[in-house]
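# Secondary and tertiary structure notes
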Amino acid sequence: MSAANPNQPSTLDDTDRRIVHLLQQDGRMSMRDLAAAVHVSRAHVYTRVKRLLDDGVIRRFTIQVDPERVGFSTSAYLTMKVEQNSWRQIRDSLAALPWVEHVALVSGDFDVLLLVRSASNKTLRDLVFAHIQNMPGVRSTRTLLVFDETDHLPALPGDPELVLEPRSRTSESDE
């Protein structure tokens, strides 16, 4: 987002994209190392990072915790159908629940998708049956247990290094 117009995306050049990509990889990277990696001065990196923060491109610096290592052995996606006039209240109520990591209003066969991490299947069951299904405006839920997951960092729009080449339907090994 641009500081001048918060509803418009920020214009990122290649240096901005490299800074964002490196900080996604290691949010604790020093400004000195960041400047060396993108081949600009430390002062220039400080200015760029400040602008990226001010523009909302970088929202915060945080850590990523391994859920299983901290006791969240059960992960699930929940899909929900809700009454259309109540989605804001439901969103706020869901975001306030412990174990709810992500809430999204979506299109398709259901209205809300959320990611839940809990210590056990029992905790997940209690959360769904005692709390989520009893919320006013919730019409139905479906729980999808996660058996395995992989994290990856998304590419930034316009990144010239991350353009995917079209794949052919048949490869030489198929012939």
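Report follows, based on the coordinates.

Criteria and thresholds
Residues numbered from 1 in each chain as written. Predicted model: local features only at pLDDT ≥ 70, side-chain atom pairs only at ≥ 80, totals over all residues. Heavy atoms only, no water. Axes fitted to C-alpha atoms, helices over the stretch in contact; angles between N-to-C directions. Helix = DSSP H or I, 4+ residues; strand = E, 2+ residues; numbered from the N terminus. Parallel < 35°, antiparallel > 145°, perpendicular 65-115°, else oblique. Contact = heavy atoms within 4.5 Å. Nonpolar A, V, L, I, M, F, W, Y, C, P; charged D, E, K, R; others polar. Pairing = 2+ DSSP bridges. Buried < 20%, exposed > 50% of the residue type's maximum accessible area, 1.4 Å probe, protein only. Polar contact = N/O pair within 3.5 Å; in protein donor to acceptor, adjacent residues only side chain to side chain. Patch = residues over 30% accessible without salt bridge, like charges linked within 9 Å, V, L, I, M, F, W, Y side chains within 5 Å. Areas by Shrake-Rupley, 256 points an atom, 1.4 Å probe, with all protein chains shown as cover. Salt bridge = Lys/Arg side-chain N within 4 Å of Asp/Glu carboxyl O. Lys, Arg positive; Asp, Glu negative; His and termini not counted. Charge placed at Lys NZ, Arg CZ, Asp CG, Glu CD.

## Structural notes on the packing of helix H2 (residues 31-38) against helix H3 (residues 42-54)
Packing of H2 against H3 brings their axes to within 8 Å, and their N-to-C directions diverge by 100°. As summarised for this structure, H2 and H3 are arranged roughly perpendicular, according to the angle between their axes. Contact residues: Met31, Arg32, Leu34, Ala35 and Val38 in H2; Arg42, Val45, Tyr46 and Val49 in H3. When its residues are assigned to classes, the contact of H2 with H3 shows seven nonpolar, no polar and two charged.

## Here's the deal with the sheet that holds strand E1 (residues 74-82)
Taken together, the four strands give an open sheet; going across it, the order is E2-E3-E1-E4, and neighbouring strands pair in antiparallel fashion. With one partner strand each, in any of the chains shown, strand E2 (100-105) and strand E4 (138-145) form the two edges of the open sheet. Neighbour to neighbour, the strand axes of the sheet diverge by 20° on average, direction disregarded. Judged from the seven bridges that link them, E1 and strand E3 (residues 112-118) form a sheet pairing that is antiparallel. In the sheet register, Thr79 faces E3, and the bridge partner there is Leu113. Against the sheet, helix H4 (residues 87-96) touches E1, E2, E3 and E4, its axis set at about 165° to E2.

## What to know about the environment of Leu94
Tracing the chain through its elements places Leu94 in helix H4. Judged by relative accessible area, Leu94 falls into the buried class, the value being 0%. Put simply, Leu94 and Leu114 are 20 residues apart on the chain and 8.5 Å apart in space, counted from C-alpha to C-alpha. Contacts of Leu94, omitting those with residues within four sequence positions, involve Met80, Val100, Val103, Val112, Leu114, Ile132 and Met135.

## Re the side chain of Ser118
One can find Ser118 in strand E3. Look at Ser118 and you get buried, because its relative accessible area is 1%. A distance of 2.9 Å separates a polar atom in the side chain of Ser118 from the backbone oxygen of Ser120.

## Some thoughts on a negative patch on the surface
A cluster of acidic residues, Asp66, Glu68, Asp148 and Asp151, forms a negative patch at the surface. Within the fold, Asp151 resides in the segment after E4. Residue classification places Asp151 among the exposed positions, given a relative accessible area of 57%.

## Quick word on unusual backbone geometry
Backbone geometry at His39 places phi at a positive 65°, although glycine is not the residue there. Take His39: it is sitting in the loop between H2 and H3. Among the residues examined, His39 registers a relative accessible area of 70% and is labelled exposed. Positive phi outside glycine occurs at Trp99, with the angle close to 80°. Inspection of the secondary structure assignment puts Trp99 in the loop between H4 and E2.

## Notes on the pattern of salt bridges
Applying the stated rule across the entire model yields 10 salt bridges. For the salt bridge of Arg117 with Glu149, the shortest nitrogen-to-oxygen distance reads 2.8 Å. Remark: Glu149 occurs in the segment after E4 and Arg117 occurs in strand E3; sequence separation between them is 32 residues. On the basis of relative accessibility, which here comes to 36%, the residue Glu149 falls in the partly exposed class. Among the charged side chains, a salt-bridge network with shared partners connects Asp13, Asp16, Arg48, Arg51 and Asp55.

Just distances and angles here, no functional claims.
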